[in-house]
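Each chain, written out:
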Amino acid sequence: MDFFIDQLGLLSDGFSVALSLQNMLFLLFGVGIGILVGVLPGLGAANGVAILLPLTFGLEPVTAMIMLTATYWGALLGGSITSILFNIPGEPAALPTTFDGHPMALQGKASEAMALAFSSSAVGAMIGTLLLTFAASWIADFGLRFGAPEYFAIYLLAFASFIGMGGPDPIKTLISIMVGLGLSTIGLDTVSGDVRMTFGLLDLVKGISFMLVVIGMIGIGELLITMESNLELRGVAARMDPRVVLRTIISLPRYWVALIRSAAVGCWMGVLPGSGATIASMMSYGFARRFSANREAFGKGAREGVVSPEAADHAAATSAMLPTLTLGIPGSGTAAVLLGGLLMWGLQPGPMLFVSQPDFVWGLVGSMYLGNLTAVVVVLLSAPLFAAILRIPFAYIGPVILVICMIGAFAITMSLFDIYMTLIFGLLGYLFKKLDYPIAPLVLALILGDQAEESFRQSMILSGGGIGIFWESTLSKVLMTCAALALLGPALIKNRALITSHLRNRG
Amino acid sequence: MNSNVKGRFFSLAAMVSVAVCPLPAFADWAPENDIEFVATSKPGGGTDRFTRAIQSAIQNNGLVDQDIRVVYQGAANGTQGLVYIDQNAGDPHKLAFATSQVWMLPLTSDLGYDRNDLTPLAAMAFDEFIIWVNADRPYDTVEGLIEAARKDPKGIKVGGGKSKDADHVFTKLIEERAGVEVTYVPYKGGAEAAVQLAGGHVDANTNNPAENLAQWQAGKVVPLCVASPTRMADTGIVAQEKSWADIPTCIESGLDIESFRFPRTVFMPGDLTEEQLAYWQGVMEKVVETEEWQTYVTNSGLTSALKVGDDFDAFIEDSEGVGQQIFENAGWLKGN
């Protein structure tokens, strides 16, 4: 009990730091820039924060961190806007939000979808921040228990929980995954240090960024499909109705199971170094679909399909600050940039930071509560602006989206080659949609493929080639079992009637 | 966005002023456009920190009149950024921030740039290599570690960043000098290797001082020796009641490695004029005098050592020679 009271005392000191006029102004500024960065595809939170970092050199460290983290929260929210309205994830982690958020918008429920996304984000962020407030030392140690075999088990679980998400045809899903895995092997290989699958094209040495594939296959593919269907962006009557927003927010507790499960997945992925928000939101979408009573509704505008990835995404982003501050191990790409910032100001992250710089740490934690709430309010107020875009005729808005896609593709590495690649992936996306192949498994395989391969090969080096290493620690046993259940469970349940009747006939 | 517009405005203003009153030709050169600092790493790594330290030193002291933008071109171990610099021959507004990878990586694979086409500007500092072990292991000296490796060939696992890069080369060197065999496990970078060591998933790593500092402070890892001719500078207590200077050199600890260091380097595109090169050399000479630079060097456990011109060229040749020899022994040279 004393522990909680102590923490609350420190937190209230933190609020008094965060609530100064100067800090609040920078917080608002950060949120605004963040939303803008989030809305542009390709320009993710990590880049946004990195671009802003030099502007903060003259500020107090705590003010600078408050502004930069606010940019992070804003970017994540902005990413959902384009996911829902245009089916283009403005931010990698917002990819699963397109699966159900965009169908909702097409059904004329754009304001509901956005209100759902934003409010469940807030819940996720609050849970992540609470975790940061109370569990700092314990959780940070937990992250250390993950070696290569445990990581591989996590990736396997992510794949297993995701398989079958592309719809009724498992063969098509498998083909899509294989294409993704193939693409992920292109470029310089970490384990051997050799260049693979580039066919002598030097532009391929750096590999294929999954954002290119997302922008091309989902963004441009969608544009092509829309063009075919009479040049109409299939979103109508997208007004932000305050009553709808309010009603949606009030209805949120109905999804408490999905919210808590997703926040738990998010916190877990956030605390683990190197996994981060994107994997969290993907996994949480997979789980939501798996455990849902009406699985059929997923992909067609299921509310849980919006709630789950958004809550997980924000829980991961906030809890990623935990290992960053306590161990100096960034839990996500954006956290890595923030860590760089800390070091620039001469603050050494680690367990000592909480002791030597309490004003800084608790001011930051306090600002995370305020920043996330502020970001949600700002994004709700500015969403009508973005929603209004849907009322512009497609003949105008289509080319603009194409330009934004191209800017996004170029911004990733500033290479013209990437723009051509994006166009090619756009055609591929069009083909996939026409032939009814699911795109999401390909993207997942591209994101996780090289990490899964790397951790598998690191495990093989560690064990000298023995496969038993995946069954050594308790942690990897648990994860491997979960993966097997996620993979085989549904098939068993589906065929249970068949199996029991078969057994009965024999018995 | 904003800075771009501003830059364009300034260059426009410069053009107008040149057109209106023809000035006498200047012997010296100064940048005419926005400057691009290409960090050959992902955001957050050691190279990123190096790039930003120089950016803040320049900006806060007004050493360069134009705006500076940092861009990340870190894909494929930073090769992406070097290819980009190679493609921009003759552009004096682009600087790449890197390490020894510039001349090391091309020895093993064909990566799309020729290091002789780039202009070496400066080596700014040396990052030391330290042998670290997990704090729970039974050995806490170099002797103990080597003894353990001798008893159990390939049993000791050494984590490091990337394959066939500095950490891997250093591990090879330890094997060669101590006459033992260990298992090298390549991770994405030093940060990952630090976590894996703290978690006890590997037995040792060869991280730079700053990369393992937080884990040292947390009592999860222990430094054994630094591969440097002299001990590191004493900058006060940094972790566990110890300062950097309390870490013995590898020679003192009985491991015959006099010096293995990693330079933090700056490269520019090829085909620059002498004035342009001299301008940037001058800027870097001023950078190492700034307070920002001193803070950076102290916090990161670096040894500041500016090398430009022939000094730097000679250093590259030496280092390339060492790499060539180790790579040849390991069978890693291109074409093998």
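Report follows, based on the coordinates. (Residues numbered from 1 in each chain as written. Chains lettered and ligands numbered in written order. Predicted model: local features only at pLDDT ≥ 70, side-chain atom pairs only at ≥ 80, totals over all residues. Heavy atoms only, no water.)

1. Considering the pairing of strand β6 (residues 157–161) of chain B
Regular strands place side chains that alternate from one sheet face to the opposite one. Residues and elements named next belong to chain B. A large share of β6 lies buried, amounting to four of its five residues. Pairing of β6 with strand β7 (residues 183–187) involves five bridges; the strand directions are parallel. In the sheet register, Gly159 faces β7, and the bridge partner there is Val185. Remark: the β6/helix α6 (residues 166–178)/β7 crossover connection has right-handed handedness. Across two bridges, the pairing between β6 and strand β8 (residues 204–205) is parallel. Looking at the pairing, Val158 lines up with Ala204 of β8. (Buried < 20%, exposed > 50% of the residue type's maximum accessible area, 1.4 Å probe, protein only. Helix = DSSP H or I, 4+ residues; strand = E, 2+ residues; numbered from the N terminus. Pairing = 2+ DSSP bridges. Right-handed = clockwise from strand over helix to strand, strands pointing away.)

2. A closer look at the packing of aromatic side chains
Within the structure shown, the criterion is met by 29 aromatic pairs over all chains. Taken together through their ring pairs, the aromatic side chains of Phe37, Phe50, Phe97, Trp293 and Tyr296 of chain B make up a single cluster. Its end group placed over the ring of Tyr437 of chain A, Lys172 of chain A keeps NZ or CZ at 5.1 Å from the ring centre. When the ring centre of Phe126 of chain B is taken as reference, the NZ or CZ atom of Arg261 of chain B above it lies at 4.9 Å. (Phe/Tyr/Trp six-rings, centres within 6.5 Å; stacked < 30°, edge-to-face > 60°. Lys NZ or Arg CZ within 6 Å of the ring centre and 35° of its normal.)

3. Concerning the sheet that holds strand β2 (residues 68–72) of chain B
All names here are of chain B. Read from one edge of the open sheet, six strands run β2-β1-β3-β12-β4-β13, paired in mixed fashion. At either margin of the open sheet sits one strand with a lone partner, and together these are β2 and β13 (302–308). The average undirected angle you get between the axes of adjacent strands in this sheet is 20°. Sheet strands in contact with helix α9 (residues 274–287) are β1 (35–39), β3 (94–98), β4 (119–128), β12 (261–268) and β13, and its direction is about 20° off that of β4. (Axes fitted to C-alpha atoms, helices over the stretch in contact; angles between N-to-C directions. Contact = heavy atoms within 4.5 Å.)

4. Re a nonpolar patch on the surface
Residue and element names in this part refer to chain A. Together, Phe410, Met414, Leu416, Tyr420 and Leu423 give the surface a local cluster of nonpolar side chains, amounting to about 460 Å² of exposed area. With three residues, helix α20 (residues 416–434) is the single largest residue contributor to the nonpolar patch. Within the fold, Phe410 resides in helix α19 (residues 394–413). (Patch = residues over 30% accessible without salt bridge, like charges linked within 9 Å, V, L, I, M, F, W, Y side chains within 5 Å. Areas by Shrake-Rupley, 256 points an atom, 1.4 Å probe, with all protein chains shown as cover. Salt bridge = Lys/Arg side-chain N within 4 Å of Asp/Glu carboxyl O.)

5. Some thoughts on empty space enclosed by the protein
Residues and elements named next belong to chain B. What the rule picks out here adds up to seven cavities of 30 Å³ or more. Lining the second largest cavity we find 14 residues, and of these Ile131, Leu145, Val158, Ile174 and Val182 sit closest to its centre. Breaking the lining of the second largest cavity down by element, the ones donating at least two residues are α5 (142–151), α6 and β8. Of the residues belonging to the lining of the second largest cavity, the class tally is 10 nonpolar, three polar and one charged. (1 Å grid on protein atoms, 1.4 Å probe; cavity = no way out; pocket = protein on both sides within 12 Å on 5 of 7 lines; lining within 4 Å. Points joined across faces, edges and corners; volume = space filled by probe spheres on them. Nonpolar A, V, L, I, M, F, W, Y, C, P; charged D, E, K, R; others polar.)

6. Side note on the sheet that holds β6 of chain B
Strand order in the open sheet made by the five strands is β7-β6-β8-β5-β9 (chain B), with mixed pairing throughout. Of all strands in the sheet, those with a lone pairing partner are β7 and β9 (221–226) of chain B, marking the two edges. Pairing geometry for strand β5 (residues 130–134) of chain B and β8 of chain B, over two bridges, is antiparallel. Among the inter-strand pairings, Trp132 of chain B is bridged to a residue of β8 of chain B, identified as Asn205 of chain B. Of the strands in this sheet, β6 and β7 of chain B are in contact with helix α21 (residues 440–463) of chain A, which crosses β7 of chain B at around 165°.

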